[in-house]
Amino acid sequence: MPQVKIIAKNFMDMVASLTAIKLDKLYNNVFICEAILRSLPPLAKKYVLQLLFTDAPVTAKMMKEWVLPDGESKHGVAIDRLIQLRIFNESVDRKKETCYSLNPTFQKNLQKHIISGGVLPREPMNSNNAIKLPSLQELETYALHQWECFLLQLINSGQGEKLTGISSSMMKVFQRGLLSQRDRDGPRLTESGFQFLLMDTNAQLWYIIREYISNAEERDVDPADLISFLLELSFHVTGEAYNLNTLTDVQRTTLKDLADLGLVKLQQGRKDSWFIPTKLATNLSVSLADSSVRKEGYVMMETNFRMYAYSTSKLQCEILRLFARIEYQLPNLIACAITKESLYNAFDNGITSDQIITFLQQNSHPRCADRVPSIPENVTDQIRLWESDLKRIEMTQAHFYDEFPSKDVFEAACDFARQWGGLLWEDSKRMRLVVKSEVHNQMREYLHTQSK
Amino acid sequence: MVNAIKGVFITCDIPMAQFIVNMNNSMPSSQKFIIHVLDSTHMFVQPHVEQMIRSAVAEFRDQNSYEKPT
């Protein structure tokens, strides 16, 4: 089965792929500089801070000496990253050696930021305006609810009811990679769609935002503006209200979409309207550094292959239905069983046993999670065994060679096949060879030249 | 001169290999598909029989699964 994986690609890779001019424009915003600094690998962060107040370029050789010999690979990775993001500019000095200097816009803005501290372009509104701010708890439930409705609508677009306000064209964009249109039965989830559902919330959030930004060009919104607004948003304080009249029109439309996703909450008073960022929004920049907020787990796995999920959410029920048979649903509990049939169903849809096991481990109930291992070994072993049972036979298109005139020709042919990575099987006693079909043409030409 | 035959190379475990050999022997001689049995876990068969082998193995697996009578 083809192993297609949606990689929650780092946001930074998208930023790095912008053109030089756009990147420079982005670096004019101090918050972006800080967010990018946070996302760099540790060695790269150190280099940036070390060169922050140096004006003259530093030679590459000198930078290499800062690192111990076994840190060479990390050094290479850090330097590559910095050049990719155009934070480091490479130049050749008078002694014909490569040296690096910081991007001047980036350097100036970061210096200003460090010295004067970050000042957001807008202030939180005063609480004596008689606004009823929702508590942090309420905000979190709101965000979770919106996000779940969005995900449900994403995967169940066959249902008639529209749960969120996102336009159907936007939904089509998000569904592009995840659902396939099949005329008879209605849209069905693709392999990547299933893998998407089993990812954790931050990874899902980043995938959706990435799709949103890549789609921005079609809607005449500059992606660089969008990225800078999103990163700025992540530096706001959760739970504080910010006035809407400090935003441009473009930012306002974006904000409406984000409210449907659960990143901000929009509220209206008598005169003003304001938005309140939720935890999902402020986590945007944190999750750049690959740390995830651990949600409360809800699944208990027993050794008799029964699973109890303490949850009332429809989305979680759908996700469990992917690989387990739902037995019954009580007001606070979903009882399911993992059976061979339900797993075969999941494997048919392209989910791997590793994904299922990671999902169970990440979402295990706190009581279960304390135990080592959090899922009983017989369950994990059996899931893996059932998967390998489907893969007992491996077949490859190949060519079979025999009747070699001499041992030397045989050995030479073996080496040739090995070099091209096509050698599948050899028998030196009877001088027989099996080579992948892709390499057959080169093999034939090689043997022709050998026999001459 | 070196001889080249086109086909499909199969790697599997020993029981499966025996299953495929058995299936081959039960076929009428015009439809026998194994070209060479290389060793106890590898063999070389004619092209185009991939799907047939897979469906036969799946059928065998289903016969071995217990379905609770409803």
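Right above here is the structure, for reference.
Values in this document were obtained by computation on a predicted structure and should not be read as measured data.

Colleague: When you look at the nonpolar core in this model, what are you seeing that I'm missing?
Modeller: A general trend in soluble globular proteins is that nonpolar side chains are found buried together. Counting 106 residues, the largest nonpolar core has A:Ile87, A:Phe88, A:Met307, A:Phe323, A:Ile338, A:Ile356 and A:Leu360 as the members making the most contacts within it. The element contributing the most residues to this core is helix α11 (residues 201-214) of chain A, with eight residues. If sequence neighbours within four positions are ignored, A:Ile338 has contacts with A:Met301, A:Phe305, A:Met307, A:Phe323, A:Ala324, A:Leu343, A:Leu360 and A:Ile383. Formed by 19 residues, the second largest nonpolar core is a distinct cluster that contains A:Met395, B:Val8, B:Phe19 and B:Ile34.

Colleague: I tried to follow the interface of chain A and chain B on my own but got confused; where do I start?
Modeller: Listed by partner, the interface residues are 26 residues for chain A and 28 residues for chain B. At the boundary of chain A with chain B, total buried surface from both sides reaches about 2500 Å², with 57% on carbon and sulfur atoms. Between the two partners, chain A and chain B, sit one salt bridge. Here A:Arg392 makes a salt bridge to B:Asp13, at a shortest N to O gap of 3.1 Å. Taken together, the links from chain A to chain B amount to nine residue pairs in polar contact (both at pLDDT 80 or more). Contributing elements (two or more residues each) for the side of chain A that touches chain B: α16 (340-348), β13 (394-402), β14 (423-427), β15 (432-436) and α21 (440-451) of chain A. At nine residues, β13(A) tops the list of elements feeding residues into the side of chain A that touches chain B. Split into classes, the residues belonging to the side of chain A that touches chain B amount to 13 nonpolar, five polar and eight charged.

Colleague: How should helix α2 (residues 50-63) of chain B be read in this particular structure?
Modeller: Each α-helix winds once per 3.6 residues, and so residues spaced three or four apart point in a common direction. Between its terminal C-alpha atoms α2(B) stretches 20 Å, which fits the 20 Å expected from 14 residues at 1.5 Å a residue. Inspection of α2(B) places B:Ile53, B:Ala56, B:Val57 and B:Arg61 among the buried residues, and these make up the whole buried set. Each buried residue of α2(B) lies within a common arc of 140° when the element is viewed along its axis, so the set occupies one face. Looking at α2(B), the residues exposed on the side facing more than 90 degrees away from the buried face are B:Gln51, B:Glu59, B:Asp62 and B:Gln63. Here the buried face of α2(B) lies against α16, α19 (377-389) and β13 of chain A together with β1 (3-11) and α1 (14-26) of chain B.

Colleague: Would you mind showing me how to read the environment of A:Val264 here?
Modeller: Residues and elements named next belong to chain A. Considering the arrangement of structural elements, one finds Val264 in strand β7 (residues 264-268). You can call Val264 buried: its relative accessible area is 0%. Considering only alpha carbons, one finds Val264 and Thr238, 26 residues apart in sequence, at a separation of 9.2 Å. With near-sequence residues (within four places) excluded, Val264 lies in contact with Tyr142, Leu233, Leu255, Leu258, Ala259, Phe275, Ile276, Pro277 and Thr278.

How each quantity is defined
Residues numbered from 1 in each chain as written. Chains lettered and ligands numbered in written order. Predicted model: local features only at pLDDT ≥ 70, side-chain atom pairs only at ≥ 80, totals over all residues. Heavy atoms only, no water. Core = buried A, V, L, I, M, F, W, Y, C linked by side-chain atoms within 4.5 Å. Buried < 20%, exposed > 50% of the residue type's maximum accessible area, 1.4 Å probe, protein only. Helix = DSSP H or I, 4+ residues; strand = E, 2+ residues; numbered from the N terminus. Contact = heavy atoms within 4.5 Å. Buried area = accessible area lost by both parts, 1.4 Å probe. Salt bridge = Lys/Arg side-chain N within 4 Å of Asp/Glu carboxyl O. Polar contact = N/O pair within 3.5 Å; in protein donor to acceptor, adjacent residues only side chain to side chain. Nonpolar A, V, L, I, M, F, W, Y, C, P; charged D, E, K, R; others polar. Expected span 1.5 Å × (residues − 1). Arc of directions from axis to C-beta.

Just distances and angles here, no functional claims.
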